[in-house]
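Descriptive analysis of the structure
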Amino acid sequence: MRNGRDAGLDSLLAAWDGETVIVHADRPACAWIVIAIHSSRLGPATGGTRMQAYPDLTLTVTDALRLAEGMTLKYAVAGFPRGGGKAVIATGAPLDPAARTGLLRRYGALLQSLHGLFATGPDVGTNAEDMDVIAETGAPYVFSRTPARGGAGGSGPATALGVLAGIEATCRWLFGTTALGGRHVVVQGAGHAGAPLIDLLVAAGATVSVSDVDPDRTRRFRDQRALRIVPPDEVYDTPCDIFAPCAMGGVLDAHTIPRLRARAVVGAANNQLATMEDAERLRGRDILYAPDYAVNIGGAMAITGIEAMGWSAEQAAAEVRKVGATLTRIYELAAATGGTTEAAARRIAAERLAGA
Ligand code: PHE
């Protein structure tokens, strides 16, 4: 299921073990809207809406299927009562603000027509302001609106808090202490989750290096915090304790893993492994891999908990911090069975899904 690149749509869908895929053509904006429902076993399918350009529809669907599966794994590993789904909006030509708003409103109407089959929040290419627009037509199936519109705001800060807890648990596993003083973390991507993570790491005393393809995003960290900025092409070669991918997926592959000079990979990006073999590749290099979906649930969990389950902000933070305990369990299981951490996490998820 992971390398759908050359597969046609039919074989792609035939090989997928999810429930439903909706492909909607938005003619006014020349965009495809793909909603993938992977599993509603543990609860209503919930996941972010990703909005970006894709080369073709097959790659759009491929991404949606993988991201939806990631959401199922995310909720299952954490034992959170939601199912896995994801929406991907593949835009054609760049949209002006009015065209973008129109597209988001029509997308909200599509969500509404599904009557809760899928609920959404922000992801790469969308933010809390976009959720406000989608909610105009799509409420109540839209999480993470701005506080001004009654929502809990963007999901990045809570995601970052979970990643921090994951990094601390990883440091305890590797070095015997959660203390981050003197530890070097390389953060790839200073966006929704990466930027707040950098702030949390600095506050915890870590040495942080930052990389982003967009210099506007790294400037603040260089000028105000005097952090080292690593050019995007050098990010894999930089010696560090923790490499934290917080940008796009597929960054851990046959080309990058041999270059890594990190003791562990713990980051917020979805689908960090290009293929399943890359989990073995990391283990072969003795680099501890924190399965992405175990680490990056913080945003989805906190926002859904606050908006749909009545959690207070404090309660949400306490729940998100449990990412650390979940990761430790995964490391223990992997050590006990001799398999990869990815296999251990999938096993925990499969048991939860089977028990539902
Ligand atoms: N982008 C989030 C994720 O990948 C999805 C999300 C955010 C879902 C907020 C619900 C609420 O986990």
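Residues numbered from 1 in each chain as written. Predicted model: local features only at pLDDT ≥ 70, side-chain atom pairs only at ≥ 80, totals over all residues. Heavy atoms only, no water.

Here we come to the nonpolar core. Ranked by internal contacts, the top residues of the largest apolar core, which has 42 residues, are I167, V187, L197 and L201. Excluding residues that lie within four positions of it along the chain, V187 makes contacts with G194, L197, I198, L201, V208, S209, V210, S211, A244 and C246. (Core = buried A, V, L, I, M, F, W, Y, C linked by side-chain atoms within 4.5 Å. Buried < 20%, exposed > 50% of the residue type's maximum accessible area, 1.4 Å probe, protein only. Contact = heavy atoms within 4.5 Å.)

Attention now moves to the pairing of strand β2 (residues 31–39). Judged by how many residues are buried, β2 sits mostly within the fold: eight of nine residues are covered. The pairing of strand β1 (residues 20–26) with β2 spans seven bridges and is classified as antiparallel. Bridge pairing in β2 places I22 opposite I35. Bridge count between β2 and strand β4 (residues 83–90): seven bridges; the pairing is antiparallel. Paired with I33 across the two strands is I89, which belongs to β4. (Helix = DSSP H or I, 4+ residues; strand = E, 2+ residues; numbered from the N terminus. Pairing = 2+ DSSP bridges.)

Structurally, S144 is set in the loop between α4 (128–138) and α5 (156–175). Setting aside residues no more than four positions away along its own chain, S144 makes contact with P122, A128, M131, G153, G154, S155, I303 and E307.

Moving on: the sheet that holds strand β9 (residues 242–245). If you trace the six strands from one edge of the open sheet to the other, you get β8-β7-β6-β9-β10-β11, paired in parallel fashion. Of all the strands in the sheet, the pair left with one neighbour each is β8 (228–229) and β11 (288–289).

Let us now look at the site of the ligand. The environment of the ligand is formed by G48, M71, K74, K86, P122, D123, S155, N270, A300 and T304. Interatomic distance of 2.7 Å between a backbone N/O atom of P122 and a nitrogen atom of the ligand. Within the contact set of the ligand, a nitrogen atom lies 2.8 Å away from a side-chain nitrogen or oxygen of D123. Within the complex, the protein chains bury 95% of what would otherwise be the 330 Å² of accessible surface of the ligand. (Near = heavy atom within 4 Å. Polar contact = N/O pair within 3.5 Å; in protein donor to acceptor, adjacent residues only side chain to side chain. Areas by Shrake-Rupley, 256 points an atom, 1.4 Å probe, with all protein chains shown as cover.)

Take it as geometry only, folks, not as evidence of what the structure does.
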